[in-house]
Amino acid sequence: MFGCFDDDLREPERPDSSCSLPSSLSEALAVRAQEIRKSVPFTVRVAMPADTAEIDTLFRASYGQLLKQHYPAAILDAALPALLHTAPRLLNSGTFFVAESGGGEIIAAGGWTQATPFGGVGPREIGHMRRVAVHPDHVRRGVGSVLLGHILENATLTGVERMCSLSTLTARAFYEAHGFEASGDVDLALKPGVYLPAIQMARDLV
């Protein structure tokens, strides 16, 4: 699962300025998160700069395997090198988190910022999902759902009313299952001549 993109990417080739928003946070998701926490031994904490190497290792495993489901090898060969490193300012934001197993292994990561993935800052009530990924060995076990719930709750407590996400094709179903709605396709220009198809999505938090 891979939901968002990093600070060093360029503006989308075809941005969709609309930000359609579906339903608000549901109590059902919160209850489900509590159930998962009881059955899966992991905790969610704020990421730190010291986690950089392990998070990058997580990204290599997650993107390298899971994106193959929806992207041709030629696109991934060109795009992956630009996606495997986390910007230091993201790890210093205080709003980027990791899910850590009982043994101390980072099995998922992701967060949000008021800054867009391209560096611009919009209205205070709008947040942007950033670099959500789950290790392939832990997908479909509820880890991503708990992490996403933590991220959205954290954003809500700071006054964010809507959350936007530039989702990969692979992560679209995950975000839709958690109330996000697609509002347009985007071609992300990672470097000259290298583009990654993505989807602009959003949901209401209040």
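Before any of the text, the structure's been laid out above.
Fair warning: this is a prediction, and the values are worked out from it, not measured in the lab. One numbering rule holds for all chains: residues counted from 1, following each sequence as written. With pLDDT at 70 or above as the cut-off, local features in this predicted model cover only qualifying residues; side-chain atom pairs require 80 or more to be listed or tallied, and sums for whole chains, interfaces and linings still use all residues. Values shown for side chains rest on all heavy atoms present in the structure; no hydrogens or waters enter the calculation.

Digging into the overall build of the chain
Along the chain, the regular secondary structure elements total six helices and seven strands. Numbering of helices and strands starts at the N terminus; helices are DSSP runs of H or I of at least 4 residues and strands are runs of E of at least 2. Going from N to C terminus, the chain has its helices and strands arranged as α-β-α-α-α-β-β-β-α-β-α-β-β. Counting across all 206 residues of the chain, residues that qualify as buried make up 51%. Think of it in three bands: with a 1.4 Å probe and only protein chains considered, a residue is buried below 20% of the maximum accessible area for its type, exposed above 50%, and partly exposed in between.

Remarks on the sheet that holds strand β4 (residues 126-134)
Each strand in a sheet pairs with another by means of backbone hydrogen bonds, the pair being arranged parallel or else antiparallel. Here, any two strands with at least 2 DSSP bridges between them count as paired. Judged by pairing direction, the sheet is mixed, and its seven strands sit side by side in the order β1-β2-β3-β4-β5-β7-β6 without closing on themselves. Strands with a single pairing partner mark the edges of an open sheet, and in this sheet they are β1 (42-46) and β6 (181-191). This sheet shows a mean twist of 25 degrees between the axes of neighbouring strands, independent of strand direction. Both β4 and strand β5 (residues 162-168) contribute to a ladder of three bridges, which runs parallel. Note that in β5 the partner of histidine 128 across the bridge is cysteine 164. Two residues form a contact once any of their heavy atoms are found within 4.5 Å. Angles here are taken between N-to-C directions and fall from 0 to 180 degrees, while the axes themselves are lines fitted to C-alpha atoms, restricted in helices to the stretch in contact. Strand contacts of helix α2 (residues 52-66): β2 (96-101), β3 (106-113) and β4, with the helix running at about 80 degrees to β4, the strand carrying the most contacts.

Focus: the packing of aromatic side chains
Here a Phe, Tyr or Trp ring, Trp counted by its six-membered ring, pairs with any other such ring whose centre lies within 6.5 Å, and the pair is stacked when the planes are under 30 degrees apart, edge-to-face when over 60, and tilted otherwise. Counted under the stated rule, the structure contains three aromatic pairs. Centre to centre, the rings of phenylalanine 59 and tyrosine 63 are 5.0 Å apart; their planes meet at 10 degrees, and the pair counts as stacked. Note that phenylalanine 59 and tyrosine 63 are positioned in helix α2 at a spacing of four residues, about one turn of the helix. Each member of the pair, phenylalanine 59 as well as tyrosine 63, is classed as buried. Between phenylalanine 174 and tyrosine 175 the ring centres are 5.4 Å apart and the planes differ by 75 degrees, which places this aromatic pair in the edge-to-face class.

Here we look at helix α5 (residues 143-157)
Turn by turn, an α-helix covers 3.6 residues, leaving residues three or four places apart pointing in a common direction. Its 15 residues give α5 an end-to-end C-alpha distance of 21 Å, which sits within 8% of 21 Å, the value for a rise of 1.5 Å per residue. Where α5 is concerned, the buried positions are Val143, Gly144, Val146, Leu147, Leu148, Ile151, Leu152 and Ala155. Backbone geometry just downstream of α5 places glycine 159 in the positive-phi region, at approximately 100 degrees. Expected span of a helix: the number of residues minus one, times 1.5 Å.

Concerning the environment of proline 49
Structurally, proline 49 is set in the loop between β1 and α2. Looking at proline 49, the relative accessible area reads 46%, which means it is partly exposed. In sequence terms proline 49 and proline 88 are 39 residues apart; their C-alpha atoms lie 6.7 Å from each other. Once residues within four sequence positions are removed from consideration, proline 49 is found in contact with Leu91 and Asn92.

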